[in-house]
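Coordinate inspection notes
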Amino acid sequence: VFIVGDTPHELAFRVLMDEKSLPNLKEGLLKETSFTPEEVADYQRHYASSQTRVRLHQRVFRARVLTAYREQCAFCRLRHPQLLDAAHIIPDLEEGGEPVVPNGLSLCKIHHAAFDSNFIGVNSDYRIIVRDDILQELDGPMLRHGIQEMHEQKLILPVERSSWPDRERLAVRFEKFKNAG
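This write-up is about the structure you can find in this document. Only a predicted model underlies this, so the values are computations on that prediction, with no experimental measurement involved.

**A short note on the nonpolar core**
The biggest cluster of nonpolar side chains holds 31 residues, and the ones touching the most others in it are Phe75, Leu105, Leu107 and Leu155. Contributing elements (two or more residues each) for this core: helix H3 (58-68), strand E3 (84-88), strand E4 (104-108), helix H4 (109-116), strand E5 (120-122), strand E6 (128-130) and helix H6 (141-147). The biggest single contributor to this core is H3, with 4 residues.

Laid out in structure tokens, this is it:
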């Protein structure tokens, strides 16, 4: 619901029940003396509704993956948990995308984004591979040191072998990486 009118001295307020009425809201509010065109414009800038899908298992998945990787990025060893994500090897919505540690990598936010964008892949030999066009690109120090220098480096693996990334999942994901470039 949207609260669209408030008259405190009368202990009353008006409620709009759905978004369908929002296009007509501006016209209706301007007819009331308590709203200026600027206030209506402010209202329109401040309110929007959205629907999100929440992965209820994500918090547990993240905790397990980060623990397995000793709270560090599997690419660059960054050890600040606030900057780490649990990245899925096989995406969550795809077959094989279960929220289990062998389907996860502890990655810093930049490497997670690069992995999800197929700038970087990981082959089934646990080698980090940077896409050829990204290797050739000239840019600033983040690209050079943060991504290009990762090329052909060995993935930092969990201590427990049972927590290592599943080779079959890596192979499936790596094929998508090779086809993306």
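**A short note on the environment of Gly97**
Within the fold, Gly97 resides in the loop between E3 and E4. Measuring from C-alpha to C-alpha, the distance between Gly97 and Arg169 comes to 8.8 Å, with 72 residues separating the pair along the chain. Residues in contact with Gly97, not counting those within four places in the same chain, are His88, Ile90, Pro91, Asp92 and Asn103.

**Re helix H7 (residues 167-180)**
Given a rise of 1.5 Å per residue, 14 residues ought to cover 20 Å, and the 20 Å separating the end C-alpha atoms of H7 matches this to within 8%. Of the residues making up H7, those classed as buried are Arg169, Leu170, Arg173, Phe174 and Phe177. The buried residues of H7 occupy an angular sector of 130 degrees when projected down its axis, which confines them to one face. Facing away from the buried side of H7, by more than 90 degrees, are the exposed residues Glu168 and Asn179.

**A closer look at the packing of aromatic side chains**
Evaluation of the coordinates by the stated rule reveals 2 aromatic pairs. For the pair Tyr126 and Trp164, a centre-to-centre distance of 5.7 Å together with 80 degrees between the ring planes defines the contact as edge-to-face. Taken together, the residues span a long stretch of sequence, with Tyr126 in the loop between E5 and E6 and Trp164 in the loop between H6 and H7 at a distance of 38 residues. There is no split in this pair, since Tyr126 and Trp164 are both buried. Across from the ring centre of Phe115, 4.0 Å away, lies the NZ or CZ of Arg173, which sits over that ring.

**What to know about the side chain of Ser163**
Note that Ser163 resides in the loop between H6 and H7. Exposure remark for Ser163: the relative accessible area of 14% places this residue in the buried category. Not counting the four nearest positions on each side in its chain, Ser163 is found in contact with Ala68, Tyr69, Val101, Pro102 and Pro158.

**Points about the side chain of Asn123**
Note on placement: Asn123 falls in the loop between E5 and E6. Polar contacts involving the side chain of Asn123 include one to the main-chain amide nitrogen of Asp125, which spans 2.9 Å. Ignoring sequence-local partners within four residues, the contact set of Asn123 consists of Ile129, Leu170 and Phe174.

Cut-offs used in this document
Residues numbered from 1 in each chain as written. Predicted model: local features only at pLDDT ≥ 70, side-chain atom pairs only at ≥ 80, totals over all residues. Heavy atoms only, no water. Core = buried A, V, L, I, M, F, W, Y, C linked by side-chain atoms within 4.5 Å. Buried < 20%, exposed > 50% of the residue type's maximum accessible area, 1.4 Å probe, protein only. Helix = DSSP H or I, 4+ residues; strand = E, 2+ residues; numbered from the N terminus. Contact = heavy atoms within 4.5 Å. Expected span 1.5 Å × (residues − 1). Arc of directions from axis to C-beta. Phe/Tyr/Trp six-rings, centres within 6.5 Å; stacked < 30°, edge-to-face > 60°. Lys NZ or Arg CZ within 6 Å of the ring centre and 35° of its normal. Polar contact = N/O pair within 3.5 Å; in protein donor to acceptor, adjacent residues only side chain to side chain.

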